[in-house]
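Okay, here's what each chain looks like letter by letter:
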Amino acid sequence: MKRTLLTLFTLLCLLPAAADEGMWLPSLISSRIDDMRAKGFRLSAEDIYSINQASMKDAVVLFDGGCTGELVSAEGLLLTNHHCGYDAIQRHSTVEHDYLTHGFWARTRAEELPNKDLNVRFLVRMEEITKRLAAGETPEEIIARAEAEAPGYRASIEQMYYGNQQFLFVYEQFDDVRLVAAPPSSIGKFGGDTDNWIWPRHTGDFSIFRIYASRDNKPAAYSPDNVPYRPKRHFTISTKGFREGDFTMIYGFPGNTQEYILSDAVAYIAERSDPAKIAIRDGRLEIISRAQESDPALRIHYAAKHASIANAWKKWQGEVLGIQRRGTVAAKRAYEEEFARWAQDKPEYRDVVAGLKAEYARITDPYFAREITLETLAALPGKYTPEERQKEFFPRRETPERELFHWQVGEYARRCPVLFQIPEFLDGVAKYGTVDAYAERLFEETWNGGETPLSDSLQNGIKRMLNHITWLTGTKSLRNLTSKHLNELYTRYVKGLQEWDTERAFYPDANLTLRVAYGTIAGYEYADGEYHKPQTTLDGIIAKDNPEIYDYDIPQALRDLYASKDYGRWGVEIDGRRTVPVCFLASNHTTGGNSGSPVLNANGELIGINFDRTWRSTMSDIAFDPSICRNIAVDIRYVLFVIDRIGDADYLLQEMKIK
Ligand code: ARG
Ligand code: GLU
């Protein structure tokens, strides 16, 4: 195959040679192990994943169905992020015992708090079953057989490369997971939404749980008779520190990436979808923030809602900036044109790119309508519960709910493609004269409870329209901009890419299955002439500290520790001053779901807990750019420092293996 200059140029833009790009399947990690070892890794593929002996995979869990956690003691102690444990911490919090504000430290095993509906899953094994399926075994049979192997086993079949390969994943699920410790939010959520997705970062984003099992160490529903689970493997913790350029590896459950999508889809995301969703949320956040500033009760009431709206809102902005700055749409377009030229005389691939483009043209409008509907009408409460209405602040005029109704209904009317506007909605507007008058009627009715025919009919309309769009695109899960036909085309496209682009290292898109990512501790050039170092320290927390600003108001105990410099064994020398390391940056390819993932050094020892990415790196969900894509972790030494010095929970350190 002869490569043109254009291809080379494109490749350089999209897939730089020594990229730390990739989320690799652990069972196939032997194909990467030489590269990993060249970058400094000192262990073997069998150390990472083995079905014959305990391996690192046995110390990693899918936490609460959407985060990652890691085992750090022989007695089932588990670390994850504060924001992953947030629900559990919040549910145990009352006005008298406000663990969110003040933190929580169980002093004995008996004080560890059980959590309904919280589970963790260990991967027992994964295996490719493409051939078995092709030979006629059904997915149902395969799953049923795997789940019958042992109590507590759960199995699922996941597609890789748009169905070119099918894998069976067998998990062991534990349902008795107890809250052991959480720092105060002023540490665990330090910087709040202001610092979210931002570097330099100073968040102590960790919480601690313990897995309980039956006396024979098997999964069991909660019982006071359960005992701490004895894992096959747990991580040793390294406090030796690291330097820029050192090897790092992340073992966890990344949720969703789309590395192989066509330029058309990237353009849709960066030019149409993200900007519209950002603008809608601009308005929602502005209304909520204004209310929060007007009243402390409203600030608390809307805290979680604000955080969750702001998280994706901010992510999308960084994603758009990254895509624009790196010229991703143009680079992808050149790449697929080159592929199409290669495919011209290959019947299997000849029509694929054109087919994908045609299908995007067909489904983009309805998909956009779906996204707008979900961001506006479907995000409105269908009815307020009596409890909600009785909340002391609701009768006040400053409640933002009415304003939110007007904003979201208005945005729907302005942005949703007319062809896909809900008939019930159009009827409502016609009946009340204007969009605003209709929004007001809708709000009044929803607000006042009782019979809400107007809102009920709108809810039905929403459901019907979303179903219609799903039918139109012929797919059940409309997670990404996709359709049944599109998926079939992508199956061929990705297969063709692998045949054509033999120099590219292919890895399957993230789909909440266990993956390995590896890279190095790395800063980056944030802007022209502005280099961001990969490590932050306690000094930076103190510099941000401000009792007047909620997000930056640290506990007095931390101020006192800083003043006394009494850091004990956690103090280190950085740039000539004695301090405590707090967060660090690395070049590992991660995404949502990797929250809580162990960050490991060359010896497979725990040096941090992953919790975020830098703003513009969020484009790595679509295209990984090694010059700007960085993940953010909390330094394990800060975690230990907080456990010891803030939590005074030395007994937890005793059961960890700390080097
Ligand atoms: N941005 C991180 C992740 O997506 C952390 C989110 C939680 N923190 C927050 N301030 N909202 O999901
Ligand atoms: N905070 C994200 C999570 O909850 C991880 C950050 C990212 O998207 O990389 O999984």
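Parameters and conventions
- Each chain has its residues counted from 1, running along the sequence as written.
- To read the labels, note that chains go from A and ligands from 1, taken in the order they are written.
- With the structure being a predicted model, the display of local features is reserved for residues of pLDDT at least 70 and the display and counting of side-chain atom pairs for 80 or more, all residues being used for whole-chain, interface and lining totals.
- With hydrogens and water excluded, all non-hydrogen atoms of the structure serve as input to the side-chain values.
- Cysteine sulfur atoms that come within 2.5 Å of each other are treated as a disulfide pair.
- Going along the chain from the N terminus, every DSSP run of H or I of four or more residues is numbered as a helix, and every run of E of two or more is numbered as a strand.
- Under the scheme applied here, a residue whose accessible area is under 20% of the maximum for its type counts as buried, over 50% as exposed, and between as partly exposed, the area being computed with a 1.4 Å probe on protein chains only.
- Near is defined per residue: the residue qualifies when any heavy atom it owns lies within 4 Å of the molecule or strand.
- As used in this structure description, the phrase polar contact means that two N or O atoms lie within 3.5 Å; if the pair is within protein, one of them must be able to donate a hydrogen and the other to accept it, and residues adjacent in sequence are counted only when both atoms belong to side chains.
- Per-residue accessibility takes into account occlusion by the displayed protein chains alone, with areas from the Shrake-Rupley method and a 1.4 Å probe.
- Gly is placed with the polar residues, together with every amino acid not listed as nonpolar (Ala, Val, Leu, Ile, Met, Phe, Trp, Tyr, Cys and Pro) or charged (Asp, Glu, Lys and Arg).
- Pairing between two strands requires that DSSP report at least two bridges joining them.
- Axis geometry follows a simple rule: fit a line to the C-alpha atoms, using only the stretch in contact for helices, then measure angles between N-to-C directions, giving values from 0 to 180 degrees.
- Whether two residues are in contact is decided by their heavy atoms, any of which lying within 4.5 Å being enough.
- We define a salt bridge as a side-chain nitrogen of Lys or Arg found within 4 Å of a carboxyl oxygen belonging to Asp or Glu.
- pLDDT is a per-residue confidence score from the predictor, ranging from 0 to 100.
- In this analysis a 1.4 Å probe is tested at points of a 1 Å grid over the protein atoms alone, and where it fits but cannot get out there is a cavity; an open set with protein on both sides within 12 Å along at least five of seven lines is a pocket; lining residues have an atom within 4 Å of a point.
- Grid points are joined across faces, edges and corners, and a volume is the space filled by probe spheres set on the points.
- Working definition: a ring pair exists when centres of Phe, Tyr or Trp rings (six-membered ring for Trp) sit within 6.5 Å. Plane angles under 30 degrees give stacked, over 60 give edge-to-face, the rest tilted.
- Two conditions define a charge sitting above a ring: the NZ of Lys or the CZ of Arg must be within 6 Å of the ring centre, and it must be within 35 degrees of the ring normal.
- Any helix carries an expected span of 1.5 Å times its number of residues minus one.
- The directions from the helix axis to the C-beta atoms are what the arc is built from.

## Here we look at the state of the cysteines
Right, on to step 1. On inspection of all chains with the given rule, the structure shows one disulfide.
Right, on to step 2. Each sulfur in the disulfide pair Cys67 and Cys84 lies 2.1 Å from the other. An S-S torsion of about -75° defines the bridge between Cys67 and Cys84 as left-handed. Here Cys84 lies in helix H4 (residues 82-92) and Cys67 lies in strand E2 (residues 67-71), a separation of 17 residues in the sequence.
Right, on to step 3. A relative accessible area of 7% means that Cys84 is categorised as buried.

## Digging into the site of ligand 1
Right, on to step 1. If you check the shell around ligand 1, you find His83, Lys189, Gly192, Asp193, Asn196, Trp197, Ala307, Asn311, Phe611 and Asp612 and nothing else.
Right, on to step 2. Here a nitrogen atom of ligand 1 and a side-chain polar atom of Asp612 are 2.8 Å apart.
Right, on to step 3. Burial of ligand 1 by the surrounding chains reaches 84%, relative to a free accessible area of 340 Å².
Right, on to step 4. Secondary-structure elements contributing two or more residues to the shell around ligand 1 are helix H9 (192-195), helix H12 (303-326) and strand E21 (606-613).
Right, on to step 5. In terms of residue class, the shell around ligand 1 is built from three nonpolar, four polar and three charged.

## Topic: the site of ligand 2
Right, on to step 1. Taken together, His83, Trp197, Thr590, Thr591, Gly592, Gly593, Asn594, Ser595, Phe611, Asp612 and Arg613 make up the full set of residues adjacent to ligand 2.
Right, on to step 2. The separation between an oxygen atom of ligand 2 and a polar main-chain atom of Gly593 is 2.7 Å.
Right, on to step 3. A distance of 2.6 Å is found between an oxygen atom of ligand 2 and a side-chain nitrogen or oxygen belonging to Ser595.
Right, on to step 4. Burial of ligand 2 by the protein chains amounts to 87% of its free accessible area of 300 Å².

## Comments concerning the sheet that holds strand E22 (residues 631-635)
Right, on to step 1. Spatially, the seven strands line up as an open sheet ordered E13-E12-E20-E21-E22-E19-E16, and their pairing is antiparallel. Each of the sheet's edge strands pairs with one partner strand only, and the pair in question is strand E13 (515-520) and strand E16 (535-537). Here the average twist between neighbouring strands, direction ignored, is 30°.
Right, on to step 2. Bridging between E21 and E22 involves five bridges; their strand directions are antiparallel. Each residue of the ladder has a partner; that of Arg613, found in E22, is Asn631.
Right, on to step 3. Contacts from helix H23 (residues 636-646) reach E16, strand E19 (581-586), E21 and E22 within the one sheet, and its direction differs from that of E22 by about 35°.

## A word on unusual backbone geometry
Right, on to step 1. Note that the residue after Trp199, namely Pro200, is joined by a cis bond; omega there is 0°.
Right, on to step 2. Following the sequence through the fold, Pro200 ends up in the loop between H9 and strand E10 (207-213).
Right, on to step 3. The residue Trp197 is not glycine, and still its phi comes out positive at about 65°.
Right, on to step 4. One can find Trp197 in the loop between H9 and E10.

## Re the pattern of salt bridges
Right, on to step 1. Within the structure shown, the criterion is met by 49 salt bridges.
Right, on to step 2. Two residues, Lys39 and Asp35, come together in a salt bridge whose shortest N-O distance is 3.2 Å.
Right, on to step 3. In this structure, Arg402 and Glu444 form a salt bridge, with 2.4 Å as the shortest nitrogen-oxygen distance. On the criterion of sequence distance, the pair formed by Arg402 in helix H16 (residues 401-415) and Glu444 in helix H18 (residues 435-448) is long-range, its members being 42 residues apart.
Right, on to step 4. Judged by its relative accessible area of 22%, Arg402 is partly exposed.
Right, on to step 5. Residue class for Glu444 comes out partly exposed when judged on its relative accessible area of 26%.
Right, on to step 6. By sharing partners, the salt bridges in this structure join Arg125, Glu127, Arg132, Glu137, Arg145 and Glu149 into a single network.

## Things to note about the confidence of the model for the protein chain
Right, on to step 1. With 96% of its residues at a pLDDT of at least 70, the protein chain reaches an overall mean of 93.
Right, on to step 2. pLDDT under 50 marks residues 1-18. Its contacts with residues more than four places away, or in other chains, come to 33 contacts.

## Here we look at empty space enclosed by the protein
Right, on to step 1. For the structure on display, the rule yields three cavities of 30 Å³ or more.
Right, on to step 2. For the second largest cavity, the calculated volume is near 40 Å³.
Right, on to step 3. Surrounding the second largest cavity, Leu377, Leu380, Pro381, Gly382, Phe405, Leu442, Thr446, Ser455, Leu458 and Gln459 form its lining.
Right, on to step 4. Looking at the lining of the second largest cavity, the elements with two or more residues in it are H18 and helix H19 (453-473).
Right, on to step 5. With three residues, H19 is the single largest residue contributor to the lining of the second largest cavity.
Right, on to step 6. Tallied by class, residues from the lining of the second largest cavity come to six nonpolar, four polar and no charged.

## Let's talk about the packing of aromatic side chains
In this description, a pair of aromatic rings is defined by centroid distance and the angle of the planes.
Right, on to step 1. The final tally for this structure, using the stated rule, is 33 aromatic pairs.
Right, on to step 2. Taking the centre distance of 4.7 Å and the plane angle of 20° together, the rings of Tyr162 and Tyr490 count as stacked. You can see Tyr162 sitting in the loop between strand E7 (153-160) and strand E8 (165-174) and its partner Tyr490 sitting in helix H20 (residues 484-500), a full 328 residues away along the chain.
Right, on to step 3. Tyr162 gets classed as buried once you look at its relative accessible area, which sits at 18%.
Right, on to step 4. Between Tyr260 and Phe506, the aromatic rings sit 5.8 Å apart at their centres with planes inclined by 25°, giving stacked as the arrangement. With a gap of 246 residues between them, Tyr260 in the loop between strand E12 (247-252) and helix H10 (263-294) and Phe506 in the loop between H20 and E13 connect regions that are remote in the sequence.
Right, on to step 5. In this structure Tyr260 comes out as buried when scored by relative accessible area, which is 3%.
Right, on to step 6. Residue Phe506 is classed as buried on the basis of its relative accessible area of 12%.
Right, on to step 7. The ring of Tyr550 carries Arg299 above its face, with NZ or CZ at 4.1 Å from the centroid.
Right, on to step 8. When the ring centre of Trp342 is taken as origin, the NZ or CZ atom of Lys346, which lies over that ring, is 4.4 Å away.

## Points about the environment of Phe209
Right, on to step 1. Topologically, Phe209 is positioned in strand E10.
Right, on to step 2. Sequence separation between Phe209 and Glu655 is 446 residues; the distance between their C-alpha atoms is 13 Å.

## Remarks on the pairing of strand E3 (residues 77-80)
Right, on to step 1. Alternating positions in E3 separate into two faces, Leu77 and Leu79 on one and Leu78 and Thr80 on the other, with burial throughout.
Right, on to step 2. Taking the residues that link successive antiparallel strands as the turn, the E2-E3 hairpin has five residues, and the phi of Gly76 there is positive, at about 75°.
Right, on to step 3. Note: E3 against E10, four bridges, orientation antiparallel. Opposite Thr80, over in E10, you have Ser207 as the bridge partner.

## Quick notes on H18
Right, on to step 1. If you check H18, its first and last C-alpha atoms are 20 Å apart, about what 14 residues at 1.5 Å a residue would give, namely 20 Å.
Right, on to step 2. Here H18 has its buried residues at Tyr438, Ala439, Leu442, Phe443, Glu445, Thr446 and Trp447.
Right, on to step 3. Positive phi appears at Gly449, one or two residues downstream of H18, with a value of about 70°.

## What about H4?
Right, on to step 1. Every buried residue of H4 is accounted for by His82, Cys84, Gly85, Ala88 and Ile89. Down the axis of H4, the sector holding all buried residues measures 135°, keeping them to one side.

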